[in-house]
2 protein chains.
Amino acid sequence: MAIKFLLPEDRIPTSWYNVAADLPAPPPPPLHPGTLQPAGPGDLAPLFPMGLIMQEMSAEPTIEIPDEVREIYRLWRPTPLLRAARWEKVLGTPAKIYFKYEGVSPAGSHKPNTAVAQAWYNKQEGITKLTTETGAGQWGSALSLACNLMGMECLVYMVKVSYFQKPYRRSMIRVWGAEVIPSPSDTTASGRAILAQDPDSMGSLGIAISEAVEVAAHRDDTHYSLGSVLNHVLLHQTVIGQEAIEQMELADAYPDFVVGCVGGGSNFAGIAFPFLGQNIKKGKKTRLIAVEPAACPSMTKGVYCFDYGDTAKLTPLVKMDTLGHDFIPPGIHAGGLRYHGMAPMLSHAFHLGLVEAESVMQTEAFSAGVSFARSEGIIPAPESNHALAMVSKLAEECKQSGDAKTILFNLSGHGHFDMAAYDNYLDGKLEDYAYPEEKIKEAMKNLPKV
Amino acid sequence: MAIKFLLPEDRIPTSWYNVAADLPAPPPPPLHPGTLQPAGPGDLAPLFPMGLIMQEMSAEPTIEIPDEVREIYRLWRPTPLLRAARWEKVLGTPAKIYFKYEGVSPAGSHKPNTAVAQAWYNKQEGITKLTTETGAGQWGSALSLACNLMGMECLVYMVKVSYFQKPYRRSMIRVWGAEVIPSPSDTTASGRAILAQDPDSMGSLGIAISEAVEVAAHRDDTHYSLGSVLNHVLLHQTVIGQEAIEQMELADAYPDFVVGCVGGGSNFAGIAFPFLGQNIKKGKKTRLIAVEPAACPSMTKGVYCFDYGDTAKLTPLVKMDTLGHDFIPPGIHAGGLRYHGMAPMLSHAFHLGLVEAESVMQTEAFSAGVSFARSEGIIPAPESNHALAMVSKLAEECKQSGDAKTILFNLSGHGHFDMAAYDNYLDGKLEDYAYPEEKIKEAMKNLPKV
């Protein structure tokens, strides 16, 4: 029995899959933050190239992947699909567990799939530099890699506390030739305003976004880049699911469940949307389960309404599952799963009843991650551990029922730069936290009235 | 033009290749440290299982890989062979550069190839626990992974300074369920003796070896395991070169040069010995180049003689290129390339004129590593950077001569746990150091008179 299902380079998908074309209803358009009227392409033009704005609003079923992007994808794609045969035995389940492993990219996660595409479309329109924000550094490192491969400059505002406490993704960003500045900084008006109030501010993702957006908005040669949430980001990640469909055929299997963790939603959408397309177009019945941390439960506890993408209310409003733009995420370790909202396209599919959502506690996430690492070798990213916890539950259900279901999950990245979180878990220092109902109600008061 | 050359799982080699069978003369046997007479299998039995001792002394051309070991190899093998097409362009060379990438193993290096095999042979003889030492943690993490997969216990003595300053490979060891103790410790007589003299001792590899060996020597259920140097370790690594030969065929190419970095010698031997076999048996003319740091130049500056494997003179004497067992390596960052001696089998091949050796400075190593990372994405281990520096030189020679030579090198691991060294390099804080001639002469005075 094979455990690895590999595709040759020429099987890298030639187009991205746009789920919007197959959904029974179109997703609501974004609203302009000033007028609260539907935003047009021009409203997004100061920050994004028209090539990406068109993708953001596209209803085409497929969008061709540019040759140069596919050329760079070849450095790590197609990624392997593996059967977790050793873990199945440890779990004592009759379930067949497969995983798509995105940790083989140079940045160690799925993020370069969109970073490379975003850099390319910006480059076509004469942009020579991209700015972005990063927390622990996963997105910042992916974008710096992409810009470097495209011969572009990259400026990353990194939340100051991570800049100093988690220096190794910062080092990665430097190795790939990007500039990385601890945020808040004195390089922007918004950074200086924060520092004037609090010279010792350790920063936040919201502040770092403001700094990156400010730089991009003031320079013609510079754009801003976002690593999740937006439609075009989810679109680029569909290479994952398209490859997985072909690899499951090689494995002579088809998933009853597809599972992924969600923060902004891009890695889950990347694997799940192509299978959703199969459900819609071919009558398949795969259950698609998005798994979020109980500490940041936008799908399972939030509301579905128009909200801002950022704390400062500068971005367009999008209809999404949200905990409110004032939401301050607790200090959980899965740094990539702390956004207050969920990708609009994924929220839309969720409320159409096409996707399910579950939440898990972080200790159960790490428990599943350690069990997996001891069976399969690979040490998963803390974010991915949330998917693993859900897979464990499904495997246990199969054990109880005797049903040999087929489960596929997205192992979105490795945990090489998150080992301190594993130490905390093994030392019993990891605290569970579920976002309290009363706090959610309070945050909802500030939702925009649209 | 393809850039990735992948083999299916059923092409994992079925046997290890024993170069000893093809060399024109047998390598000199090890000597007992007490009698200075050739050591027999029984002399090694307190530390190693007979299965490995027989491999250590074998003249058989091939040794079958046990099914269970191959089964575990499938988690990451066959490893990919890639063409560094983007780096070739950056270097502006007509040379064709290929690399075998061993960083895809869960531990991020070639080390698990032998760790899994060693654990298996120990398990067959009733051993339930392995001890070892580790510096920065590359070998310790590989052995803990292997023991975990084999259902064995593992105890790692980690040099205290690394235990506290480089905690993330320590975390990896813990995730894989092994015990890791900072050395010197109060768990052994040798550790206690050091602490009595200096309670604040930050340890050394020599002390950690003593602790690990002491524990193994005093318990019937426990053996000791070494990550390089010995014949059986090099033997296990020949899966690398065997796969590479087949993958170069897929690429429709054959290497003029095979390049690898050397510390103890196992990753270089792993890729080079199978090609050496082709040179001997099939009249191929591939030049095999071992690359060592100028700071620890056992092949290029040492002497070829019988010496002890450890500072405390407890191990058998082996004939090898050595800087003397008193050699104290300078604090260079390529932690895996700091051993005073070179693998006896590799030293033997070198002095038969079948293998070449070169040394490089560490800033040129890191310069090549950063250039490679910016071209191919992958951030190499500092050790591997030494191979890359040599490849750069060969590529430059091809540029000068116009010769489109084919170069294959072993990218023995990734640098995810060595990012601080990259920071030092980028900050201009990395100092070059060549081991001075007078120091070498001094160390030579203490070589055993055999």
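Everything below is about the structure printed above this text.
These numbers come from a predicted model, not from an experiment.

Draft legend 1. Main features of the overall build of chain A. Check the secondary structure of chain A and you find 19 helices and 15 strands. Since a compact globule built from 450 residues should have a radius of gyration of about 22 Å, the 20 Å found for chain A is in line with a globular shape. If one aligns the C-alpha atoms of chain A with their principal axes, the spans along those axes are about 60 × 45 × 45 Å. Taken over 450 residues, chain A has a buried fraction of 63%. A separation threshold of at least 6 residues defines the contact pool for chain A, and within that pool the share at least 24 residues apart is 75%. Here chain A displays about 15700 Å² of accessible surface, and carbon together with sulfur accounts for 52% of that area. Here chain A holds 38 positive side-chain charges and 49 negative ones, and the gap between their average locations is 4 Å.

Draft legend 2. Summary view of the relation of the copies chain B and chain A. The transform that puts chain B on chain A rotates by 180° and translates by 0.0 Å along the axis, for an RMSD of 0.0 Å. Each copy turns onto its partner about a two-fold axis. Scanning chain B for the C-alpha nearest the rotation axis identifies B:H416, at a separation of 3.3 Å. A share of 100% of interface residues in chain B that are also interface residues in chain A marks the association as one of identical surfaces.

Draft legend 3. The interface of chain B and chain A, seen in detail. Contact with chain B, which involves 45 residues of that partner, is made by 45 residues of chain A. Here chain B packs against chain A, burying approximately 3900 Å² in sum over the two surfaces, 55% of which is carbon and sulfur. Put simply, chain B and chain A have six salt bridges between them. With a closest N to O distance of 3.8 Å, B:R170 and A:D423 form a salt bridge. Between chain B and chain A we count 27 residue pairs in polar contact (both at pLDDT 80 or more) in total. Taken together, the elements giving at least two residues each to the side of chain B that touches chain A come down to α6 (138-150), α8 (167-175), α15 (362-376) and α17 (419-426) of chain B. Broken down by element, the side of chain B that touches chain A gets its largest block of residues, seven residues, from α8(B). In terms of residue class, the side of chain B that touches chain A is built from 27 nonpolar, seven polar and 11 charged.

Draft legend 4. Structural detail: the packing of aromatic side chains. All names here are of chain A. This model, assessed by the stated rule, comprises 27 aromatic pairs over all chains. With a centroid separation of 5.8 Å and an interplanar angle of 65°, the aromatic rings of Y254 and F275 are classed as edge-to-face. Here F275 lies in helix α13 (residues 266-282) and Y254 lies in the loop between α12 (238-250) and β10 (257-261), a separation of 21 residues in the sequence. Note on Y254: relative accessible area 24%, which makes it partly exposed.

Draft legend 5. Structural detail: the packing of helix α6 (residues 138-150) of chain A against helix α8 (residues 167-175) of chain A. All names here are of chain A. Look at α6 against α8: their axes get within 8 Å of each other, and the N-to-C directions meet at 10°. With respect to α8, the element α6 is oriented roughly parallel. Residues Q138, G140, S141 and S144 of α6 form the contact with α8, whose participating residues are R169, M172 and I173.

Draft legend 6. Layout of the pattern of salt bridges. Residue and element names in this part refer to chain A. Under the counting rule described, the total for this entry stands at 34 salt bridges over all chains. Between K393 and E364 there is a salt bridge whose closest N-O contact spans 3.7 Å. With K393 in helix α17 (residues 382-401) and E364 in helix α16 (residues 362-376), this pair connects stretches of sequence that are 29 residues apart. You can call K393 partly exposed: its relative accessible area is 33%. We classify E364 as partly exposed; its relative accessible area is 30%. Each member of the salt-bridge network shares a partner with another, and the members are R77, K100, E102 and E243.

Draft legend 7. Local environment of the sheet that holds strand β1 (residues 4-5) of chain A. Residue and element names in this part refer to chain A. Strand order in this open sheet of seven strands is β1-β4-β5-β15-β10-β11-β14, and the pairing throughout is mixed. Both edges of this open sheet fall to β1 and β14 (356-360), since each of them pairs with a single strand only. Relative to β14, strand β11 (residues 287-293) runs parallel, the two sharing five bridges. Along β14, the bridge assignment pairs V291 with E358. Those strands touched by α17 are β5 (96-101), β10, β11, β14 and β15 (406-411), and its axis lies near 150° from that of β10.

Draft legend 8. Here's a closer look at helix α10 (residues 205-217) of chain A. Residues and elements named next belong to chain A. Counted at 1.5 Å a residue, the expected span for α10 with its 13 residues is 18 Å, and the 18 Å between its end C-alpha atoms agrees. Within α10, burial applies to I207, A208, I209, S210, E211, A212, V213, V215 and A216. Structurally, α10 contributes buried residues whose contacts are with β6 (129-134), β7 (153-159), β8 (179-183), α9 (189-197) and β9 (222-224).

Draft legend 9. Local environment of the pairing of strand β11 (residues 287-293) of chain B. All names here are of chain B. Burial within β11 is extensive, with six of its seven residues counted as buried. As defined by bridge partners, strand β10 (residues 257-261) adjoins β11 across five bridges and the pair is classed as parallel. Of the residues in β11, the one forming a bridge with G260 is A290. Viewed along the sheet, the connection from β10 through helix α12 (residues 266-282) into β11 turns out right-handed.

Draft legend 10. Just the sheet that holds strand β8 (residues 179-183) of chain B, in detail. Residues and elements named next belong to chain B. The strand order across the open sheet built from four strands is β8-β7-β6-β9, with neighbouring strands paired in parallel fashion. Of all the strands in the sheet, the pair left with one neighbour each is β8 and β9 (222-224). Neighbour-to-neighbour, the strand axes of this sheet turn through a mean angle of 25°, independent of strand direction. Where strand β6 (residues 129-134) lies against β9, three bridges are found, and the strand directions are parallel. By the bridge assignment, T131 is partnered in β9 with Y224. On the sheet, helix α10 (residues 205-217) packs against β6, β7 (153-159), β8 and β9 and is oriented at approximately 170° with respect to β6.

Draft legend 11. Inspection of the side chain of A:H414 at higher detail. Mapping A:H414 onto the fold places it in the loop between β15 and α18 (419-426). Classification of A:H414 as buried rests on a relative accessible area of 2%. In this structure the side chain of A:H414 is engaged in a polar contact, spanning 3.2 Å, whose partner is the backbone nitrogen of A:H416. When residues no more than four places from it in sequence are discounted, the contact partners of A:H414 are A:Y101, A:G103, A:G108, A:R169, A:I379, A:P380, A:A381 and B:H416.

Here is what the cut-offs are and how they apply
- Residues numbered from 1 in each chain as written.
- Chains lettered and ligands numbered in written order.
- Predicted model: local features only at pLDDT ≥ 70, side-chain atom pairs only at ≥ 80, totals over all residues.
- Heavy atoms only, no water.
- Helix = DSSP H or I, 4+ residues; strand = E, 2+ residues; numbered from the N terminus.
- Rg over C-alpha atoms; globule rule 2.2 N^0.38 Å.
- Buried < 20%, exposed > 50% of the residue type's maximum accessible area, 1.4 Å probe, protein only.
- Contact = heavy atoms within 4.5 Å.
- Areas by Shrake-Rupley, 256 points an atom, 1.4 Å probe, with all protein chains shown as cover.
- Lys, Arg positive; Asp, Glu negative; His and termini not counted.
- Charge placed at Lys NZ, Arg CZ, Asp CG, Glu CD.
- Least-squares fit on C-alpha atoms with pLDDT ≥ 70 in both.
- Buried area = accessible area lost by both parts, 1.4 Å probe.
- Salt bridge = Lys/Arg side-chain N within 4 Å of Asp/Glu carboxyl O.
- Polar contact = N/O pair within 3.5 Å; in protein donor to acceptor, adjacent residues only side chain to side chain.
- Nonpolar A, V, L, I, M, F, W, Y, C, P; charged D, E, K, R; others polar.
- Phe/Tyr/Trp six-rings, centres within 6.5 Å; stacked < 30°, edge-to-face > 60°.
- Axes fitted to C-alpha atoms, helices over the stretch in contact; angles between N-to-C directions.
- Parallel < 35°, antiparallel > 145°, perpendicular 65-115°, else oblique.
- Pairing = 2+ DSSP bridges.
- Expected span 1.5 Å × (residues − 1).
- Right-handed = clockwise from strand over helix to strand, strands pointing away.

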